[in-house]
Amino acid sequence: MSDRPVVTRIAPSPTGYMHIGTARTALFNWLYAKRTGGKFLLRIEDTDRERSTLPAVQAIFDGMDWLGLIPDEEPVFQAARADRHVIAAQELLAKGRAYRCYMTADELTAEREIARAEGRAVQSPWRDQDANFNDRPHVVRFKSPREGETVIHDRVKGDVTFKNKDLDDLIILRTDGTPTYNLAVIVDDHEMGVTHVIRGDDHLNNAARQTLIYEALGWEVPVWAHLPMIHGPDGAKLSKRHGAQAVSEFDDMGYLPEAMRNYLARLGWGHGDDEIFSDEQAQSWFDVTDVVSAPARLDWAKLNHINNHYLRLADIDRLVALTQRVRASRGEPVHDADSAILHRTIPLVRDGAKTLLELADAVIFALKPRPLELPEKVTGMLNEETRARLTRLRENLAGQADWEVPALEAALRGFAESEGVGLGKIGPALRGVLSGGASAPDLAGALVSLGKAESLGRLDDALSPAA
Ligand code: GLU
């Protein structure tokens, strides 16, 4: 290996949503570039014009942005570089390392059958002919060596040996002159200066073919690192029934991007038993050689635990905005004026939330408009004795100057004592009146969330003769 500066890349094909496996591959490439002081690049592999779509390109940009994995240069679009790929094919032709193959579809089908029966790779009769009939349709094939072995020194899988006789002469230019994937990837990686190809292990076989083409072009072969798949919790290939596959679904389910980075880093890689770590720590620890070669399993409980950790650390302004976003997406009313209530409520409820959706559930009580509709289990508690007691409590609270949790806890305890009852006699009804039966923090917490005026107002509504 030369001492070229490290350049890594993620090279997704924009043919659908951004898969969580692609996100993890991007993360590992990003971490490795950061660890080594190198560069992390993005290439959109849009050569398959029929399957590539603009919304899928956008989904990749959005997913990368959301995850905070920002490439160090403008993205490269593979399809725009077709002329570069063709030049490389011509170079291989000139060097005698590629040839024009004029086999017809029928001839190819027949040869495939024979090759299968003989247990060998497909062979073209044009391989050694150096033919060039301009007017006849043809593909250009790479002249793959038939003898010897190709060894991939993979940083994750170890040494993987391929017998060259099993590798057929890969098509590098199609009949219409367009380059194929294996050629395009090599030319682009080479010209982008990519030193480390870290990608899914579904590309391990391609690495052997690509190595041969690199060598034929006289280009330095990159370091290979093929990552194991992410499986569902049951060990089967990740699919819809496991809950989510697309990066955007994790966003919709209320996971924070920093939690995803931390969690995805743990899928197949780790630093001892450390469950929670910062980006800086991951960037200083990550080495692709420490990635395990067995598939990783998605574990929702761990993801929830990590997300809860980051919800507890997050800036409150940000959580207010994200909670409002969840509410808007659910069609719940969103008012700027609610921001103050959310600022008071979120710190009191976030410890119990695993996701932003749960956080949005936990603030519902505070945002209900007055007068609250009280469910029967609450109105049923409001007998004459309780009403009288809550009326006295309302007066007590009205005189309360310090509207903070410790002071309100002390006030509630003092009030219960003066009434000669335990807090258990007051708590449920007060809580019901303040929350309308929705889940809410402890009594003092609920009072702080609502603020003094709203708390007293909700008590007044419930205690008014009409209620
Ligand atoms: N475009 C390929 C894919 O989306 C990745 C190719 C590569 O990383 O070399 O699977």
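Residues numbered from 1 in each chain as written. Predicted model: local features only at pLDDT ≥ 70, side-chain atom pairs only at ≥ 80, totals over all residues. Heavy atoms only, no water.

S.K.: Provide a residue-level description of the overall build of the protein chain, including the pertinent values.
M.R.: Along the protein chain, the regular secondary structure elements total 20 helices and 12 strands. For 467 residues, the compact-globule formula gives about 23 Å, and the C-alpha radius of gyration of the protein chain, at 32 Å, lies well above that figure. Viewed in the frame of its principal axes, the protein chain has a C-alpha envelope of about 105 × 40 × 40 Å. Among the 467 residues that make up the protein chain, the fraction classed as buried is 49%. Considering only intrachain contacts with a sequence separation of at least 6, the fraction spanning at least 24 residues in the protein chain is 75%. Once the 56 positive and 70 negative side-chain charges of the protein chain are each reduced to a mean point, those two points are 2 Å apart. (Helix = DSSP H or I, 4+ residues; strand = E, 2+ residues; numbered from the N terminus. Rg over C-alpha atoms; globule rule 2.2 N^0.38 Å. Buried < 20%, exposed > 50% of the residue type's maximum accessible area, 1.4 Å probe, protein only. Contact = heavy atoms within 4.5 Å. Lys, Arg positive; Asp, Glu negative; His and termini not counted. Charge placed at Lys NZ, Arg CZ, Asp CG, Glu CD.)

S.K.: Tell me what's going on with the environment of glycine 414, and back it up with residues and numbers.
M.R.: Tracing the backbone through its elements, the reader meets glycine 414 in helix 17 (residues 405-419). Residue classification places glycine 414 among the partly exposed positions, given a relative accessible area of 36%. On a C-alpha basis, the gap between glycine 414 and leucine 31 in space is 56 Å, while along the polypeptide they are 383 residues apart.

S.K.: Could you give me a rundown of the packing of helix 3 (residues 82-94) against helix 6 (residues 204-217), with the residues and numbers involved?
M.R.: Two elements in contact, helix 3 and helix 6, have axes separated by 10 Å at closest approach and are oriented at 70 degrees. On the basis of the axis angle, helix 3 is roughly perpendicular to helix 6. Contact residues: helix 3 offers Ala88, Glu91 and Leu92, while helix 6 offers Ile213, Ala216 and Leu217. Class assignment of the residues belonging to the contact of helix 3 with helix 6 gives a composition of 5 nonpolar, no polar and 1 charged. (Axes fitted to C-alpha atoms, helices over the stretch in contact; angles between N-to-C directions. Parallel < 35°, antiparallel > 145°, perpendicular 65-115°, else oblique. Nonpolar A, V, L, I, M, F, W, Y, C, P; charged D, E, K, R; others polar.)

S.K.: I'd like to hear about the sheet that holds strand 8 (residues 171-173), residue by residue, with values.
M.R.: Taken together, the 3 strands give an open sheet; going across it, the order is 4-5-8, and neighbouring strands pair in antiparallel fashion. This sheet does not close on itself; its edge strands, each paired only once, are strand 4 (98-101) and strand 8. Between one strand and the next, the sheet's axes are offset by a mean angle of 45 degrees, whatever the strand orientation. Here strand 4 runs beside strand 5 (residues 139-142); their pairing, made up of 4 bridges, is antiparallel. (Pairing = 2+ DSSP bridges.)

S.K.: Summarise the environment of threonine 178; cite the residues concerned and give the values.
M.R.: Inspection of the secondary structure assignment puts threonine 178 in the loop between strand 8 and helix 5 (181-191). In this structure, the C-alpha to C-alpha distance between threonine 178 and histidine 85, residues 93 residues apart in sequence, is 8.6 Å. Within the local environment of threonine 178, its side chain forms a polar contact with the side chain of aspartate 176, the two groups lying 2.6 Å apart. (Polar contact = N/O pair within 3.5 Å; in protein donor to acceptor, adjacent residues only side chain to side chain.)

S.K.: Tell me what's going on with helix 19 (residues 443-450), and back it up with residues and numbers.
M.R.: With 8 of 8 residues buried, helix 19 lies mostly within the body of the structure. Along helix 19, the positions that sit buried rather than exposed are Leu443, Ala444, Gly445, Ala446, Leu447, Val448, Ser449 and Leu450. Lining the buried residues of helix 19 we find helix 12 (339-349), helix 14 (364-367), helix 16 (384-398), helix 17, helix 18 (427-435) and helix 20 (452-463). Glycine 451 occupies a position one or two residues after helix 19 and carries a positive phi of about 85 degrees.

S.K.: I'd like to hear about the environment of tryptophan 219, residue by residue, with values.
M.R.: Its place among the elements puts tryptophan 219 in the loop between helix 6 and strand 10 (223-227). When sequence neighbours within four positions are dropped, the list of residues in contact with tryptophan 219 reads Ala88, Ile186, Val187, His190 and Tyr214. A distance of 3.4 Å separates polar atoms of two side chains, one belonging to tryptophan 219 and the other to histidine 190.

S.K.: Please provide a residue-by-residue account of helix 6, values included.
M.R.: Here helix 6 spans 20 Å end to end across 14 residues, near enough to the 20 Å set by a 1.5 Å rise per residue. Inspection of helix 6 places Leu204, Asn206, Ala207, Ala208, Arg209, Gln210, Thr211, Leu212, Ile213, Tyr214, Ala216 and Leu217 among the buried residues, and these make up the whole buried set. Directly beyond the C-terminal end of helix 6, a positive phi value near 75 degrees is found at glycine 218. (Expected span 1.5 Å × (residues − 1).)

S.K.: Give me the site of the ligand: which residues, what numbers.
M.R.: In the neighbourhood of the ligand, the contacting residues comprise Arg9, Ala11, Pro12, Ser13, Glu45, Tyr181, Val185, Arg199 and His203. Note that an oxygen atom of the ligand is positioned 3.3 Å from one of the side-chain N or O atoms of tyrosine 181. The contact in question runs from an oxygen atom of the ligand to an N or O atom on the side chain of histidine 203, over 2.8 Å. When isolated, the ligand has an accessible area of 300 Å², and the protein chains bury 81% of it. Each residue belonging to the shell around the ligand can be placed in one class, and the counts come to 4 nonpolar, 2 polar and 3 charged. (Near = heavy atom within 4 Å. Areas by Shrake-Rupley, 256 points an atom, 1.4 Å probe, with all protein chains shown as cover.)

S.K.: Please give an account of the nonpolar core that cites residues and values.
M.R.: Core analysis: the largest hydrophobic core is formed by 97 residues, its most contacted members being Phe250 and Leu390. Residues in contact with phenylalanine 250, not counting those within four places in the same chain, are Ile20, Trp66, Ala244, Gln245, Tyr255, Met260, Leu298, Trp300 and Leu303. (Core = buried A, V, L, I, M, F, W, Y, C linked by side-chain atoms within 4.5 Å.)

S.K.: Tell me what's going on with the packing of helix 18 against helix 20, and back it up with residues and numbers.
M.R.: A packed helix pair is summarised by two numbers, namely the angle formed by the two axes and the spacing between the axes. Interhelical geometry of helix 18 versus helix 20 gives an angle of 105 degrees and a closest axis separation of 8 Å. One finds that helix 18 runs roughly perpendicular with respect to helix 20. In contact with Leu430, Val433, Leu434 and Ser435 of helix 18, helix 20 contributes Ser455, Arg458, Leu459 and Ala462.

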